[in-house]
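Each chain, written out:
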Amino acid sequence: MGAELLLNNNYNNGAGEVKLDADADAPLILGLQPAALVDHVARVDWSLLNQVTGERGGSMPVSIEELDHILSELRSHILAFPNDPLPMKTLAGGSVANTIRGLSAGFGVSCGIIGAYGDDEQGQLFVSNMSSNGVDLSRLRMKKGHTGQCVCLVDELGNRTMRPCLSNAVKVQADDLTREDFKGSKWLSLRYAIFNLEVIQAAIKIAKQEGLFVSLDLASFEMVRNFKVPLIQLLESGNVDLCFANEDEATELLRGKQNANPESALEFLAKHCQWAVVTLGPNGCIAKHGKEIVRVPAIGETKAIDATGAGDLFASGFLCGLVKGLSLEECCKVGTCSGGSVIRSLGGEVAPETWQWMYKQMQINGLPVLDSHK
């Protein structure tokens with residue numbers, strides 16, 4: 001699956017050489033996902049989406065009763081799709097898990113995940129899926145209780161609406177974290193969530209003490225809209241080195257201001273972060289590092305079957321480009337290749353044959369791919 005892709009003994013983080021000699025066994029990139037999550041992804045008709053509370057296209061937590069109700073209704077609302085024999089998939093999910101799995105399976109970057117899973121069937125599924133993709137699970141704790149679940153409803157246009165249930169899920173708490181979890185790694189990948197704010201802040205504090213760079217994804221437009229003040233405080237702390245936002249999240253960040261658009265949001269994020277990226281769906285992305293601004297179009301012309309994980313896999317490619325020492329524009333191009341790969345099938349995991357499609361796209365665009373993938 002391309003385990004050796006884009007690997008060198010030394011990495012460059014864009015601000016100088018990063019040597020791996022400090023702790024050769026430590027994953028280069030760590031993801032913090034406090035609660036392990038299992039995704040139930042299905043293509044469904046509009047009538048089911050009309051029954052689900054909240055706005056389409058975003059992510060809003062639901063109770064276990066609401067989750068069970070949606071799951072019970074799925075079978076009678078599933079849409080068949082000719083190019084995808086499985087109209088419904090159950091797999092390890094969560095934004096950070098998607099990013100980390102993509103980095104490991106598609107780019108061969110050593111990765112680990114910090115979090116907790118329950119002693120149940122969903123927990124075992126999460127562990128099996130992540131370990132089979134080469135992710136280091138030594139920092140993943142098993143706790144007595146339930147593993148989180150999320151239903152991802154995909155409409156016929158490929159847009160996804162997510163309803164996670166984490167209210168009864170086991171998770172890592174701030175006081176579970178130790179410096180040993182972070183020692184020797186170079187990057188920490190996070191997703192903003194108000195219900196994880198305490199553990200996020202604790203993880204950032206330790207990560208900075210250990211010299212890690214911190215990457216933050218803005219999660220969803222609802223999360224930005226409803227909990228903007230603590231998010232702004234997190235960004236203004238100066239401890240977030242890289243920030244990813246999609247177009248809706250970027251616009252929401254500046255809602256109420258005169259220029260609430262992706263370009264203005266990029267400038268705002270770049271004031272507080274070394275690297276700022278706003279993804280624009282089929283229109284590619286814009287990014288800024290220092291005084292440099294780039295705009296990169298989407299790569300690969302295909303109709304999205306499912307947009308689940310597109311931003312997460314974009315982050316995989318961009319982070320891989322950073323640790324490889326690629327230019328800002330090249331990082332964006334790798335991100336658009338990986339983000340464009342996951343939308344070709346259902347769920348936030350890239351199939352082996354689709355990685356091959358991505359390697360071909362990288363080759364076409366002059367990006368580094370080892371000979372075995374050409």
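Per an unreviewed UniProt entry, the protein goes by Carbohydrate kinase PfkB domain-containing protein and derives from Carya illinoinensis. On record in UniProt, under Sequence similarities (unreviewed entry), the comment for the protein is "Belongs to the carbohydrate kinase PfkB family."

Draft legend 1. Structural view of the sheet that holds strand 12 (residues 242-246). Spatially, the nine strands line up as an open sheet ordered 7-6-3-10-11-12-13-14-15, and their pairing is mixed. The sheet terminates laterally at strand 7 (140-143) and strand 15 (292-296), the two strands that pair on one side only. Strand after strand, the sheet turns through a mean of 15 degrees between neighbouring axes, direction not considered. Pairing between strand 6 (residues 111-118) and strand 7: four bridges, direction parallel. From the neighbouring strand, Ala 116 faces strand 7, where its bridge partner is Arg 141. Strand contacts of helix 3 (residues 95-107): strand 3 (29-35), strand 6, strand 10 (187-191) and strand 11 (213-217), with the helix running at about 150 degrees to strand 3, the strand carrying the most contacts. Where helix 12 (residues 328-342) meets the sheet, it contacts strand 13 (275-279), strand 14 (285-289) and strand 15, and its direction lies at approximately 30 degrees from that of strand 15.

Draft legend 2. Region of interest: the packing of aromatic side chains. Following the criterion strictly, the structure yields seven aromatic pairs and no others. Here Phe 107 and Trp 355 contribute two aromatic rings whose centre-to-centre distance is 6.1 Å and whose plane-to-plane angle is 70 degrees, an arrangement assigned as edge-to-face. Taken together, the residues Phe 107 in helix 3 and Trp 355 in helix 13 (residues 352-364) connect sequence positions 248 residues apart. Residues Phe 107 and Trp 355 agree in their burial class; the two are buried. The interplanar angle of 85 degrees and the centroid separation of 6.1 Å between the aromatic rings of Phe 244 and Phe 314 together place this pair among those described as edge-to-face. Of this pair, Phe 244 sits in strand 12 while Phe 314 is found in helix 11 (residues 310-324), placing the two residues 70 residues apart along the sequence. Neither residue differs from the other here; Phe 244 and Phe 314 are each classed as buried.

Draft legend 3. The arrangement of helix 6 (residues 197-209) in detail. The end-to-end C-alpha distance of helix 6, which contains 13 residues, comes to 18 Å, matching closely the 18 Å that a straight helix rising 1.5 Å per residue would cover. Within helix 6, the full set of buried residues consists of Leu 197, Val 199, Ile 200, Ala 202, Ala 203, Ile 204, Ile 206 and Ala 207. In this fold, the buried residues of helix 6 make contact with strand 3, helix 5 (179-182), strand 10, strand 11 and helix 8 (228-236).

Draft legend 4. Highlighting the pattern of salt bridges. Scanning the model with the defined rule gives 13 salt bridges in all. Where Asp 176 meets Lys 143, a salt bridge forms, and the shortest distance between an N and an O atom there is 2.8 Å. Here Asp 176 is found in the loop between strand 9 (160-165) and helix 5, whereas its partner Lys 143 is found in strand 7, with 33 residues between them in sequence. Residue classification places Asp 176 among the partly exposed residues on the basis of a relative accessible area of 24%.

Basis of the calculations
- Within every chain, residues take consecutive numbers counted from 1 along the sequence as written.
- Side-chain atom pairs in this predicted model are given and counted only at pLDDT of 80 or more, local residue features only at pLDDT of at least 70, and totals for whole chains, interfaces and linings cover all residues.
- Heavy atoms throughout the structure, all of them, feed into the side-chain values; hydrogens and water do not.
- UniProt positions are given in the numbering used here, feature names are shortened, and annotations may be inferred rather than shown by experiment.
- In this scheme, strands are said to pair when DSSP sees at least two bridges between them.
- Secondary structure elements follow DSSP: runs of H or I of four or more residues count as helices, runs of E of two or more count as strands, with numbering from the N terminus.
- Axes here refer to lines fitted to C-alpha atoms; in helices the fit is confined to the stretch in contact. Angles between the N-to-C directions go from 0 to 180 degrees.
- It only takes one pair of heavy atoms within 4.5 Å for two residues to be counted as in contact.
- Pairing of aromatic rings covers Phe, Tyr and the six-membered ring of Trp, with a centre-to-centre limit of 6.5 Å; geometry is then stacked below 30 degrees between planes, edge-to-face above 60, and tilted otherwise.
- The classification of residues rests on relative accessible area computed with a 1.4 Å probe and restricted to protein chains. Under 20% of the type maximum is buried, over 50% is exposed, and intermediate values are partly exposed.
- An expected span of 1.5 Å times one less than the residue number is assigned to each helix.
- Salt bridges, as used here, are contacts in which a Lys or Arg side-chain nitrogen is within 4 Å of a carboxyl oxygen on Asp or Glu.

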